[in-house]
Amino acid sequence: MRRLRRTEALRNLVRETRLTPGQLIYPLFICPGEGVRKEISSMPGVFNVSVDEAVKEAEEAARLGLGGLLLFGLPESKDEEGTGAWDDEGIVQTALRALKANAASKKLVLIADVCLCEYTSHGHCGIVTKTEEGFEVENDSSVELLGRAAASLARAGADIVAPSDMMDGRVAEIRHALDEDGLEQTPILSYAAKFASAFYGPFREAADSAPQFGDRKTYQMDGANVREALREIELDLGEGADMILMKPAMPYLDVVRAARDRFDVPMGAYQVSGEYSMLKAAFARGWLEPERAMIESLVGMRRAGADFIVTYFAKEAGKVL
Ligand code: PBG
């Protein structure tokens, strides 16, 4: 076996899995203001950026040959229903128009995350009603609002809409809302299998979207389940999803592999905030070699079957690659 491992040229020739910058999607957190670049304390090297700074990020991403951007928004104000999510003058809608007006965006796929949690005062991904036992995150009323949000984001210029809320039936509703608006060319990237994960912790600081009470376990999946993940994917595809996203990535690579073996649609893996933060923390202490560990973590996701990867390392990895 060692004959083919002797030189870098030989290793390169027989390498089974390739990683290219075009397979990487870079998440951006858009905030109000101008000239704002505020570092997220639990995610060194990741920033909340205002729209003008987001345009600069897009230019850099395009220069590096990255595949695209995934946009999240931090609205000026929040309310019970998350009205900011479908406001045509909302923060992500505004960013999308600015990005579309810039030539760099032609080289990038602009993906808009569709969810209510960044826009609701309570931080849940849907409408909350009080019940005797506590509270309930309503399904169908939330789904309707998600349809509105997706249509608004697509009108503003999103090339793809990506629902991350985990309400049932939202893909069908979003497809319907898009088609009704004449947006039948906009694809849906569904976060089909999204687990209730501790690894989203730093994101909730970045997007200011931590639930004010309770948790997300009644809508996001139980981390122990792989068969259920396959059912989620099957349902989303049946409702009209064009591509799927698996999340988190590293603790769920078996789920990525199972999905790859079963479904022939384009699939991404999301290396989430906590995965990034723990690697960064180890780098900062000199416990891991940054470049090698970063690339190894991404190659593992590709090897498990992901076609593309959403990662906060996208720019750093793009430079290395
Ligand atoms: C919104 C959303 C979340 C993430 C992506 N979209 C947060 C959550 O579900 O709590 C997590 C991304 C990350 O941790 O990097 N629903």
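Cut-offs and rules
Residues numbered from 1 in each chain as written. Predicted model: local features only at pLDDT ≥ 70, side-chain atom pairs only at ≥ 80, totals over all residues. Heavy atoms only, no water. Near = heavy atom within 4 Å. Polar contact = N/O pair within 3.5 Å; in protein donor to acceptor, adjacent residues only side chain to side chain. Areas by Shrake-Rupley, 256 points an atom, 1.4 Å probe, with all protein chains shown as cover. 1 Å grid on protein atoms, 1.4 Å probe; cavity = no way out; pocket = protein on both sides within 12 Å on 5 of 7 lines; lining within 4 Å. Sits in = over half its atoms within 2 Å of the grid points. Buried < 20%, exposed > 50% of the residue type's maximum accessible area, 1.4 Å probe, protein only. Helix = DSSP H or I, 4+ residues; strand = E, 2+ residues; numbered from the N terminus. Arc of directions from axis to C-beta. Contact = heavy atoms within 4.5 Å. Patch = residues over 30% accessible without salt bridge, like charges linked within 9 Å, V, L, I, M, F, W, Y side chains within 5 Å. Salt bridge = Lys/Arg side-chain N within 4 Å of Asp/Glu carboxyl O. Expected span 1.5 Å × (residues − 1). Pairing = 2+ DSSP bridges. Right-handed = clockwise from strand over helix to strand, strands pointing away.

(A) Quick look at the site of the ligand. In the vicinity of the ligand there are 18 residues, among which Lys 194, Arg 204, Lys 247, Ser 273 and Tyr 312 approach most closely. Here a nitrogen atom of the ligand sits 3.3 Å away from a polar atom, N or O, in the side chain of Lys 247. For the ligand, the accessible surface in isolation is 400 Å², of which the surrounding protein chains cover 100%. Assessed atom by atom at 2 Å from the grid points, the ligand resides in the largest cavity.

(B) Examining helix 8 (residues 253-262) more closely. Among the residues of helix 8, Val 255, Val 256, Ala 259 and Arg 260 are the ones counted as buried. All buried residues of helix 8 fall inside an arc of 140 degrees around its axis, so they share one side. Set apart from the buried face of helix 8 by more than 90 degrees, the exposed residues are Asp 261 and Arg 262. Packing partners of the buried residues in helix 8 comprise helix 7 (227-239), strand 10 (243-247), strand 11 (267-271) and helix 10 (290-304).

(C) Fine view of a nonpolar patch on the surface. A cluster of nonpolar side chains, contributed by Leu 4, Leu 13 and Val 14, occupies part of the molecular surface with about 290 Å² of accessible area. With respect to the element layout, Leu 13 can be found in helix 1 (residues 8-13).

(D) Structural detail: helix 10. Over its 15 residues, helix 10 runs 21 Å from end to end, which matches the ideal 21 Å to within 8%, given 1.5 Å per residue. Residues Ala 293, Met 294, Ile 295, Ser 297, Leu 298, Gly 300, Met 301, Arg 302 and Ala 304 constitute the buried set of helix 10. Buried residues belonging to helix 10 abut helix 8, strand 11, helix 9 (273-284), strand 12 (308-311) and helix 11 (314-320). Count one or two residues on from helix 10 and you reach Gly 305, which has phi positive near 125 degrees.

(E) Highlighting the environment of Gly 67. Residue placement: Gly 67 occurs in the loop between helix 2 (51-63) and strand 4 (68-73). Taking the C-alpha atoms as reference points, Gly 67 and Ala 156, separated by 89 residues in sequence, lie 20 Å from one another. Excluding residues that lie within four positions of it along the chain, Gly 67 makes contacts with Pro 21, Gly 22, Leu 24, Ile 25, Lys 107, Leu 108 and Val 109.

(F) Quick peek at the pairing of strand 11. Of all five residues that make up strand 11, five are buried, and the element is covered over most of its length. Because side chains alternate across strand 11, one face comprises the buried residues Met 267, Ala 269 and Gln 271, and the other comprises Gly 268 and Tyr 270, equally buried. The pairing of strand 10 with strand 11 spans three bridges and is classified as parallel. Counted as the bridge partner of Met 246 is Ala 269 from strand 11. In this view, the connection linking strand 10 to its parallel neighbour strand 11 by way of helix 8 has right-handed handedness. When strand 11 meets strand 12, the two strands line up parallel, connected through four bridges. Each bridged residue has a counterpart across the sheet, and for Gly 268 the counterpart in strand 12 is Phe 308.

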